[in-house]
Amino acid sequence: MNYIVRLIFIGFIVTSCSNAPSISFSTEIFDEESLSICKQDPCSNVSLSYPVAAGDTAISEKINTLIERHIIEALFMGDEESSSSKSIEDAATNFILSYRDHQADIPSEIDTGTYVAEISMEVMSRKEQLISFKSEHYQFTGGAHGNNDVVFVNIDPASGTMVDVSEITRDFEGLQKLVEEKFRLKFKIPENESVNYPGFWFEDDQFYLSNNIGFTENDMIILYNPYEIAPYAEGPIQLSIPLKEVTSYLEIIDL
């Protein structure tokens, strides 16, 4: 397989009714077979799929830089706060080398195979004021099971910059109260009981709104990854709320 294989251009077009740039997305694929270090020696499994923006050059370059950095950090296994890798190829190489470097130190009873990294990132929704991406991560680095995470990435298509949900919330307390009501309803938690009543792990028995929030065309998705508020066996804890019920709490008007 080539270093990066460009797939068929996908019809993801972000348009505006005014002067916001028009952005389109294609999907690119990368795996360990693309790396020179894997030509002779076996390598850990690396499978990446992610969107690449095109259109307005300045904006698409900013978006692609954010996406690339997201992939690089998702592959990072070091002790530092962030990866020093400058490209996805470098990050994949370092992930593979980390297994080779530590292989001799991994007890045979927990080394059930080489490391595995799978990242699949896709566009969830494309609106005039916000592009929302869903990034699914799976890593296995030995032990009883791998780690699964889902991360939402929101980008302003007008500037190509990442948007934190706090930046587009006009009434955080009201939004958190609404989400807690929906959360209690979904998991059948009575009003007079602690939010941890079914076995959740909210600190001090106080509900808090996850900052891992994404948007589909019709819903706002709030997600807590494994170990955040529940054991690994419970998997991701996800709540969907129709956009029409949350728009009054947000600055974004075109959701």
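Given the structure is predicted, the values throughout are model-derived calculations rather than measurements.

Regarding the confidence of the model for the protein
Predicted confidence across the protein gives a mean pLDDT of 87, with 86% of residues reaching 70 or more. Considering each helix and strand of the protein separately, the mean pLDDT is smallest for strand E1 (residues 5–6), with a value of 41, and largest for strand E10 (residues 219–224), with 98. Considering only residues more than four positions removed or in separate chains, one finds that residues 1–18, a stretch of pLDDT under 50, has 50 contacts.

Describing helix H3 (residues 172–186)
Taking 1.5 Å per residue, 15 residues should reach 21 Å; H3 reaches 21 Å between its end C-alpha atoms and fits that length. Burial in H3 covers these residues: Gly174, Leu175, Leu178, Val179, Phe183 and Arg184. Positive backbone phi, at 55 degrees, marks Lys188, one or two positions downstream of H3.

A look at the sheet that holds E10
The strand order across the open sheet formed by 3 strands is E9-E10-E11, and the pairing between neighbours is antiparallel. Each of the sheet's edge strands pairs with one partner strand only, and the pair in question is strand E9 (213–215) and strand E11 (237–242). When the angles between neighbouring strand axes are averaged without regard to direction, this sheet yields 20 degrees. Strand direction decides the pairing type here: E9 and E10, joined by 3 bridges, are antiparallel. Paired with Phe215 across the bridge in E10 is Met220.

Focus on the side chain of His70
Relative to the helices and strands, His70 is located in helix H1 (residues 57–75). Side chain to side chain, His70 and His137 meet in a polar contact 3.3 Å long. His70 has contacts with Met121, Ser135, His137, Val151 and Val153, leaving out every residue within four places of it along the chain.

What about the state of the cysteines?
Counted according to the given criterion, the structure contains 1 disulfide. Each sulfur of the disulfide joining Cys38 and Cys43 lies 2.0 Å from the other. Between Cys38 and Cys43, the S-S torsion sits near -100 degrees, and that sign places the bridge as left-handed. Overall, the relative accessible area of 13% leaves Cys43 in the buried class.

Notes on H1
Between its first and last C-alpha, H1 extends 27 Å over 19 residues, near the 27 Å set by a 1.5 Å rise per residue. All of the buried residues in H1 are Ile59, Ser60, Ile63, Ile67, His70, Ile71, Ile72, Ala74 and Leu75. With a side-chain oxygen lying 3.3 Å from the backbone nitrogen of Ala58, the N-terminal cap of H1 falls on Asp56.

Side note on the pairing of strand E5 (residues 116–126)
Here strand E4 (residues 45–55) pairs with E5 via 5 bridges, running parallel. Within the sheet, the bridge partner assigned to Val46 lies in E5 and is Ala117. In this structure, E5 lies alongside strand E6 (residues 131–140), joined through 10 bridges in antiparallel fashion. Note on E6: the bridge partner recorded for Glu118 is Tyr138. Counting the residues in the hairpin turn of E5 and E6 gives 4 residues.

Conventions we followed
- Residues numbered from 1 in each chain as written.
- Predicted model: local features only at pLDDT ≥ 70, side-chain atom pairs only at ≥ 80, totals over all residues.
- Heavy atoms only, no water.
- pLDDT = per-residue confidence, 0-100.
- Helix = DSSP H or I, 4+ residues; strand = E, 2+ residues; numbered from the N terminus.
- Contact = heavy atoms within 4.5 Å.
- Expected span 1.5 Å × (residues − 1).
- Buried < 20%, exposed > 50% of the residue type's maximum accessible area, 1.4 Å probe, protein only.
- Pairing = 2+ DSSP bridges.
- Axes fitted to C-alpha atoms, helices over the stretch in contact; angles between N-to-C directions.
- Polar contact = N/O pair within 3.5 Å; in protein donor to acceptor, adjacent residues only side chain to side chain.
- Disulfide = S-S within 2.5 Å.

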